[in-house]
Amino acid sequence: MTELTSSNRTINPRALPRASGAPHRRSGRVRHAIGYVLLCLVALLFVSPLIYMVATSLKPSADVFTTPPTLWGSSIEWGNYAQAFTYLPFARFILNGIFVAVAGTAINVAVAVLSGYAFSRLRWRGRNLVFVLFLATLMIPQDVLVIPMYVMMQGFGWVDTFQALIIPWAFTALGAFLVRQFFLTVPQELDDAARVDGAGAIRTFLFVMLPLARPTMAVLAVFSFIAYWNSFLWPLVIVNDVEARGTIPLGLQQFFGQQGSEWNLVMAASVISMLPTVILLILLQKHLVKGIVTSGLGGR
């Protein structure tokens, strides 16, 4: 070890005091603790309505609007969930909602994958112009389209039918945009290799591109399913026989009648209506994380 020599003494570098990192580590732990506390407070702020909904769904009817308000009632009434199915044909609303959401999601994903592939990998005249016009439809609010869409469904004779609930909103530009942006991140060499092996455009799409697009398709499927499942305005306009073809939002509205509102049953039905979307998110969680990372973030 080299020693530093001054005019009157020799200094050993090992004897020099070292700067302690303990204060920095301590301040870092404090910042992390504060961050976790703030994060928990924000999470509690968002979760508190759900907690109140679940708690109210288990209250007796007389304890919903007590003074002062309480989170839990005098007893836990699990029978509210069973009563929600007998108070109204809620099982029919759930089946209708699942059928409409699944069918609409399947059509939406299929159309988005096909159109995204055509806009990204196929070469044809006017492709970019058509895509810009197609994308411009995203600027039109859906509420503006309700009246012309109703007139069109009336001309088709589809008023108060399931196809009127499914078809009009199954062709959206958002899905095509997400899939197109993902396909643009895929190297062109994959297409060239498939073409060298003798695969055409359709076979390349089915066996090369489609497996790669599964995460993006999962993201689009979740968005589409939630949009169909929570849609209220369009079913309210197009459905006449609510008990036969009503979906979950229309079914929840039926709990508010002229005789008053059974809020504990409304909350129980709301908790039940959340289960399909929660299950879907859990099943597709792995694909969602990957799909959100890759969807719409790249392109050439």
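Structure: above.
Described in the following lines is the structure provided in the data block. What you see as residue numbers is a count from 1 along each chain, following the sequence as written. Under the rules for a predicted model, residues below a pLDDT of 70 receive no local features and side-chain atom pairs below 80 are neither given nor counted, while totals for whole chains, interfaces and linings still include all residues. For side-chain calculations, the full set of non-hydrogen atoms in the structure is used, while hydrogens and water are omitted.

## Focus: the layout of surface pockets
Next up, step 1: Only protein atoms enter the 1 Å grid used here, on which a cavity is any set of points holding a 1.4 Å probe that cannot leave and a pocket is any open set flanked by protein within 12 Å on both sides along at least five of seven lines; residues with an atom within 4 Å of a point are listed as lining. Grid points are joined across faces, edges and corners, and a volume is the space filled by probe spheres set on the points. The volume enclosed by the largest pocket comes to roughly 710 Å³.
Next up, step 2: In terms of lining, the largest pocket is formed by 30 residues, of which the most central are Gln142, Pro168, Trp169, Thr172 and Ala227.
Next up, step 3: Listing elements by their share of the lining of the largest pocket, those giving two or more residues are helix 3 (90–120), helix 5 (146–156), helix 7 (173–185), helix 10 (214–230) and helix 11 (233–238).
Next up, step 4: Ranked by residue count, the leading element in the lining of the largest pocket is helix 10, at five residues.
Next up, step 5: Split by residue class, the lining of the largest pocket holds 21 nonpolar, eight polar and one charged. Every helix listed is a DSSP run of H or I at least four residues long, and every strand listed is a run of E at least two residues long, numbered separately from the N terminus. Here the nonpolar group is Ala, Val, Leu, Ile, Met, Phe, Trp, Tyr, Cys and Pro; Asp, Glu, Lys and Arg are the charged ones; every other residue, Gly included, is treated as polar.

## Description of the pattern of salt bridges
Next up, step 1: We define a salt bridge as a contact between a side-chain nitrogen of Lys or Arg and a carboxyl oxygen of Asp or Glu at a distance within 4 Å. Taken as a whole and judged by the stated rule, the model has three salt bridges.
Next up, step 2: Between arginine 121 and aspartate 191 there is a salt bridge, with its nearest N and O atoms 2.4 Å apart. Pair noted here: arginine 121 is in the loop between helix 3 and helix 4 (127–136) and aspartate 191 is in helix 8 (residues 188–196), with a separation of 70 residues, a long-range link. Side by side, arginine 121 and aspartate 191 carry an identical accessibility label, which is buried.
Next up, step 3: Across the pair arginine 245 and aspartate 160 runs a salt bridge, and its minimum N-O distance is 3.1 Å. For every residue, the accessible area (1.4 Å probe, protein chains only) is compared with the maximum for its type, and the residue is labelled buried under 20%, exposed over 50%, or partly exposed between those bounds.

## Some words on the environment of leucine 178
Next up, step 1: With respect to the helices, strands and loops of the structure, leucine 178 is situated in helix 7.
Next up, step 2: Relative accessible area serves as the criterion here: at 13%, leucine 178 is assigned to the buried category.
Next up, step 3: On a C-alpha basis, the gap between leucine 178 and threonine 216 in space is 7.3 Å, while along the polypeptide they are 38 residues apart.

## Regarding the packing of helix 3 against helix 4
Next up, step 1: Viewed as axis vectors pointing N to C, helix 3 and helix 4 meet at an angle of 140 degrees, and their least axial separation amounts to 9 Å. By the angle between their directions, the pair helix 3 and helix 4 is classed as oblique. On helix 4, the residues touching Ala118, Phe119 and Ser120 of helix 3 are Arg127, Val130, Phe131 and Phe134.
Next up, step 2: Classifying every residue of the contact of helix 3 with helix 4 gives five nonpolar, one polar and one charged. Where helices are involved, their axes are fitted lines through C-alpha atoms of the stretch in contact, as for all axes, and angles between N-to-C directions lie from 0 to 180°. An angle below 35 degrees is treated as roughly parallel, one above 145 as roughly antiparallel, one from 65 to 115 as roughly perpendicular, and anything else as oblique. We call two residues contacting when some pair of their heavy atoms lies within 4.5 Å.

## Remarks on the environment of proline 235
Next up, step 1: Mapped onto the elements of the fold, proline 235 is located in helix 11.
Next up, step 2: You can call proline 235 buried: its relative accessible area is 4%.
Next up, step 3: Considered as a pair, proline 235 and aspartate 160 are 75 residues apart in the sequence and their alpha carbons are 8.8 Å apart.
Next up, step 4: Beyond its immediate sequence surroundings of up to four residues, proline 235 is in contact with Leu165, Thr247 and Leu250.

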